[in-house]
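Each chain, written out:
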Amino acid sequence: MRIVSANLRNGRVDPAWLRELIQALRADVLALQEADPPHFEAVSAELPYGCFAPGEGHTGMGIALRNDAETGALALTWRSAQRAWLDPVHWPKLARPLELVNVHIAAPHVYLPPLYGLILRGRQVRQLEAHFEA
């Protein structure tokens, strides 16, 4: 199984190039951060399942999947993460179920003062650690 993550630089990546990348890598799963609706359209042509959350600025996110899976959100400070639960029934390469989490961690350099971004980032990381420990 091929899992790819891509930060699309606030929508500046060409959607056609993204689709070509999916084809070249033969991706089964694609986690997107900073995506715009044209990216979701291009990705959906190759990976028709998943969930997309368009947003403004750096907030558009998605998980695109080759096969069906249950999807949902994981509440975090500042911005929720996206989750996908892959079941071997739909994903025969898996020996057991797998949870994927797509998270866009707060970037300190976009906040003034930067300390605020570091505080947000620390909270997100601790919440993710608690989730995976549970």
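Keep in mind it's a predicted model, so treat the numbers as computed, not measured. (Residues numbered from 1 in each chain as written. Predicted model: local features only at pLDDT ≥ 70, side-chain atom pairs only at ≥ 80, totals over all residues. Heavy atoms only, no water.)

Digging into the packing of aromatic side chains
Thinking step 1. One pass over the full model with this rule turns up one aromatic pair.
Thinking step 2. Between F40 and F52 the ring centres are 4.7 Å apart and the planes differ by 35 degrees, which places this aromatic pair in the tilted class. Here the residue F40 occupies a position in helix 2 (residues 37-46), and F52 occupies one in strand 3 (residues 49-53), the gap between them amounting to 12 residues.
Thinking step 3. Given a relative accessible area of 6%, F40 falls into the buried group.
Thinking step 4. For F52, a relative accessible area of 27% gives the class partly exposed. (Phe/Tyr/Trp six-rings, centres within 6.5 Å; stacked < 30°, edge-to-face > 60°. Helix = DSSP H or I, 4+ residues; strand = E, 2+ residues; numbered from the N terminus. Buried < 20%, exposed > 50% of the residue type's maximum accessible area, 1.4 Å probe, protein only.)

Observations regarding the packing of helix 1 (residues 15-25) against helix 2
Thinking step 1. Helix 2 packs onto helix 1 with a crossing angle of 30 degrees between their chain directions and a minimal axis gap of 9 Å. On the basis of the axis angle, helix 1 is roughly parallel to helix 2. Taken as a pair, helix 1 and helix 2 cross one another with a handedness that is right-handed. Side by side, helix 1 and helix 2 meet where P15, L18, R19, I22 and Q23 of the first sit next to P38, H39, A42, V43, A45 and E46 of the second.
Thinking step 2. Residue classes in the contact of helix 1 with helix 2 are distributed as seven nonpolar, two polar and two charged. (Axes fitted to C-alpha atoms, helices over the stretch in contact; angles between N-to-C directions. Parallel < 35°, antiparallel > 145°, perpendicular 65-115°, else oblique. Left-handed = near helix turned anticlockwise from the far one by under 90°. Contact = heavy atoms within 4.5 Å. Nonpolar A, V, L, I, M, F, W, Y, C, P; charged D, E, K, R; others polar.)

Section: the environment of G72
Thinking step 1. Within the secondary structure layout, G72 lies in strand 5 (residues 70-74).
Thinking step 2. Residues in contact with G72, not counting those within four places in the same chain, are A81, Q82, R83 and W85.

Some remarks on the sheet that holds strand 5
Thinking step 1. Read across the open sheet, the three strands follow the order 5-6-7; overall the sheet is antiparallel. Only two strands of the sheet have a single neighbouring strand rather than two, namely strand 5 and strand 7 (98-102). For this sheet the average axis-to-axis angle between neighbouring strands, irrespective of direction, equals 25 degrees.
Thinking step 2. As defined by bridge partners, strand 5 adjoins strand 6 (residues 81-86) across five bridges and the pair is classed as antiparallel. When the sheet's bridge partners are listed, A73 is paired in strand 6 with Q82.
Thinking step 3. Contacts from helix 3 (residues 114-133) reach strand 5, strand 6 and strand 7 within the one sheet, and its direction differs from that of strand 7 by about 175 degrees. (Pairing = 2+ DSSP bridges.)

Considering the pairing of strand 1 (residues 3-7)
Thinking step 1. Burial along strand 1 is one-sided: V4 and A6 are buried, and none of I3, S5 and N7, which face the opposite way, are.
Thinking step 2. Two elements, strand 1 and strand 2 (residues 29-33), share five bridges in a ladder whose sense is parallel. Within strand 2, the position partnered with V4 by the bridge is L30.
Thinking step 3. Each parallel crossover has a hand, and for strand 1 linked through helix 1 to strand 2 it is right-handed. (Right-handed = clockwise from strand over helix to strand, strands pointing away.)

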